[in-house]
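A structural walkthrough
Okay, here's what each chain looks like letter by letter:
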Amino acid sequence: MILPLKTRILQSMAPSDEDSTITRDVKTSIREDLQHRYTSPPTLQDYLHRSTALDPRFMSLSHMDPALCQRTYSDLTSEIVSSLGTEDCDEGQVAEPTGANLDSSSPPQKKSAMAELFGETFASKDNKTPADIIKEEVASYLAASGITVDGDLLTWWKSNECKYPHIATMARCYLAVPGSSVPSERVFSTAGDMQRGPHSLQIM
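Residues numbered from 1 in each chain as written. Predicted model: local features only at pLDDT ≥ 70, side-chain atom pairs only at ≥ 80, totals over all residues. Heavy atoms only, no water.

Evaluated as defined, the whole model comprises one cavity of 30 Å³ or more. In this structure, the largest cavity encloses a volume near 40 Å³. Asp46, His49, Arg50, Leu68, Arg71, Thr72 and Asp75 are the residues that line the largest cavity. Within the residue set of the lining of the largest cavity, elements represented by two or more residues are helix H3 (42–53) and helix H4 (66–95). Here the lining of the largest cavity gets four residues from one element, more than from any other, and that element is H4. Its residues assigned to classes, the lining of the largest cavity comprises one nonpolar, two polar and four charged. (1 Å grid on protein atoms, 1.4 Å probe; cavity = no way out; pocket = protein on both sides within 12 Å on 5 of 7 lines; lining within 4 Å. Points joined across faces, edges and corners; volume = space filled by probe spheres on them. Helix = DSSP H or I, 4+ residues; strand = E, 2+ residues; numbered from the N terminus. Nonpolar A, V, L, I, M, F, W, Y, C, P; charged D, E, K, R; others polar.)

In structure tokens form, the structure reads like this:
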């Protein structure tokens, strides 16, 4: 929600004819300070765009112009296809038999009677590539109804994981990253309080 929130703040800080001089100056200062944030390096902004797209609360990307929205989903599709290709390559390396494991004396596997009889006539005509499947999945995800901004995105993904398996895998990678360092700072603070606990109680 970082970029949607930034967009909302920038919109609310737009100068108005009813503003006093001081109010207008304050709004201008806020806008100038906030405008450049989360823009460098460019890869950071792209990462945040994809993170927003993977959140069912903001999946419409209505805070962005249509061209950038389309590019974001195109980049997300390419990333999923690329990661899928890497997984297939790794699996192939594991499953590929070596020369030492090949038995030249083993006979080739025979086709079943059903395959021999109907194989050519009723062969599967589904020649979709992994890229085609993922593109269809992303298109279906885009057409889906999102949830309200106060909805639970984890519950939504739990219910729709089977419907969008590849996108769900990518969502786990992106949405697990905390938006700020506050949670980790709280952990350190709590750990410090636990270490000082008995002494603190004595002082109090």
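So much for the structure itself; the text now carries on.
With that settled, the discussion passes to the side chain of Thr77. Within the secondary structure layout, Thr77 lies in helix H4. Ignoring any residue separated from it by four or fewer positions in sequence, one finds Thr77 in contact with Ile134, Lys135 and Val138. (Contact = heavy atoms within 4.5 Å.)

Attention shifts here to the side chain of Glu137. Its place among the elements puts Glu137 in helix H6 (residues 130–143). Of the side chains with opposite charge, Arg172 comes closest to the buried, unpaired Glu137, at an N-O distance of 10 Å. (Buried < 20%, exposed > 50% of the residue type's maximum accessible area, 1.4 Å probe, protein only. Lys, Arg positive; Asp, Glu negative; His and termini not counted. Salt bridge = Lys/Arg side-chain N within 4 Å of Asp/Glu carboxyl O.)

Another aspect to go through is the environment of Gly151. Among the secondary structure elements, Gly151 is positioned in the loop between H6 and helix H7 (153–160). Judged by relative accessible area, Gly151 falls into the partly exposed class, the value being 22%. Expressed as a C-alpha distance, the spacing of Gly151 and Arg57, which sit 94 residues apart in the sequence, is 7.1 Å.

Attention shifts here to the confidence of the model for the protein chain. In this model, the protein chain carries an average pLDDT of 81, and 76% of its residues clear a pLDDT of 70 or more. Confidence, read as mean pLDDT per element, is least for helix H9 (residues 182–203) in the protein chain (67) and greatest for H7 (94). Throughout residues 200–204 the model reports pLDDT below 50, and contacts reaching past four residues in sequence, or to other chains, amount to zero contacts. (pLDDT = per-residue confidence, 0-100.)

Turning to the packing of helix H1 (residues 2–12) against H3, a few remarks are in order. Two numbers describe how H1 lies on H3: the axes approach to 8 Å, and their chain directions differ by 100°. Comparing the axis directions of H1 and H3 gives the class roughly perpendicular. Seen from H1, the contacting residues are Ile2, Leu3 and Pro4; seen from H3, they are Gln45, Leu48, His49 and Thr52. (Axes fitted to C-alpha atoms, helices over the stretch in contact; angles between N-to-C directions. Parallel < 35°, antiparallel > 145°, perpendicular 65-115°, else oblique.)

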